[in-house]
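The chain contents come next:
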Amino acid sequence: MTERITGEVIHVVEPDEQADYELEGTVAELADSRYILVCRKGGAPSFAERILAFFRRQPIEPVTLVADSAAEEGAEITATVEETTIAGVYDVTEFR
């Protein structure tokens, strides 16, 4: 099943840096020679949205995207993704 996710890229793990991280077996297989993008789902919140989220106790929802191409940290991206067997990890089929 595909869905569209918009998010702010918080961290990028390049293919040659993956050995520095402790990746689970399934994620390691999925990310083999691909980029891992850790994103804040929904994009970058404004200062007011951050304050409201703090008082409402709504945590930031992180998602992990595995993509063929990199994105810059801090950039807001929109991607068409497919769910994987791991919760919160998605395989990117297309960037927009």
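What this report covers is the structure whose coordinates are included nearby. (Residues numbered from 1 in each chain as written. Predicted model: local features only at pLDDT ≥ 70, side-chain atom pairs only at ≥ 80, totals over all residues. Heavy atoms only, no water.)

Turning our eyes to something else, we now look at the sheet that holds strand 2 (residues 35-41). With respect to topology, five strands assemble into a closed barrel ordered 1-2-3-5-4, the strand pairing being mixed. Within this sheet the neighbouring strands show an average axis-to-axis angle of 55°, counted without direction. In this sheet, strand 5 (residues 89-95) lies alongside strand 4 (residues 76-83) in antiparallel orientation, the contact comprising five bridges. Within the sheet, the bridge partner assigned to Glu-82 lies in strand 5 and is Asp-91. (Pairing = 2+ DSSP bridges. Helix = DSSP H or I, 4+ residues; strand = E, 2+ residues; numbered from the N terminus. Axes fitted to C-alpha atoms, helices over the stretch in contact; angles between N-to-C directions.)

Right, let's get into the pattern of salt bridges. Where charged atoms from two side chains of opposite charge come close, those side chains can pair. On inspection of all chains with the given rule, the structure shows five salt bridges. In this structure, Arg-40 engages Glu-8 in a salt bridge whose closest nitrogen and oxygen atoms are separated by 3.5 Å. Taken together, the residues span a long stretch of sequence, with Arg-40 in strand 2 and Glu-8 in strand 1 (residues 2-13) at a distance of 32 residues. Considered together, Arg-40 and Glu-8 belong to a single accessibility category, that of buried residues. Where Asp-91 meets Arg-34, a salt bridge forms, and the shortest distance between an N and an O atom there is 2.7 Å. One end of the pair, Asp-91, is in strand 5; the other, Arg-34, is in the loop between helix 1 (25-30) and strand 2, with 57 residues separating them in the sequence. Among the ionic contacts, a cluster of salt bridges with common partners joins Arg-34, Asp-68 and Asp-91. (Salt bridge = Lys/Arg side-chain N within 4 Å of Asp/Glu carboxyl O. Buried < 20%, exposed > 50% of the residue type's maximum accessible area, 1.4 Å probe, protein only.)

Time to look at the nonpolar core. Counting residues in each nonpolar core, the largest one holds 14 residues, and the members touching the most others are Leu-37, Cys-39, Leu-65, Ile-77 and Val-81. Every residue in contact with Val-81, bar those within four places of it in the chain, is listed here: Met-1, Thr-2, Glu-3, Ile-5, Leu-65, Tyr-90, Asp-91, Val-92 and Thr-93. The next biggest cluster of nonpolar side chains, apart from the first, holds six residues, and it includes Val-27, Ile-36, Val-66 and Val-89. (Core = buried A, V, L, I, M, F, W, Y, C linked by side-chain atoms within 4.5 Å. Contact = heavy atoms within 4.5 Å.)

It is worth spelling out the environment of Pro-62 at this point. Its location among the elements puts Pro-62 in strand 3 (residues 62-67). By relative accessible area, Pro-62 is classed as exposed at 53%. In this structure the C-alpha to C-alpha distance between Pro-62 and Thr-84, which are 22 residues apart in sequence, comes to 15 Å.

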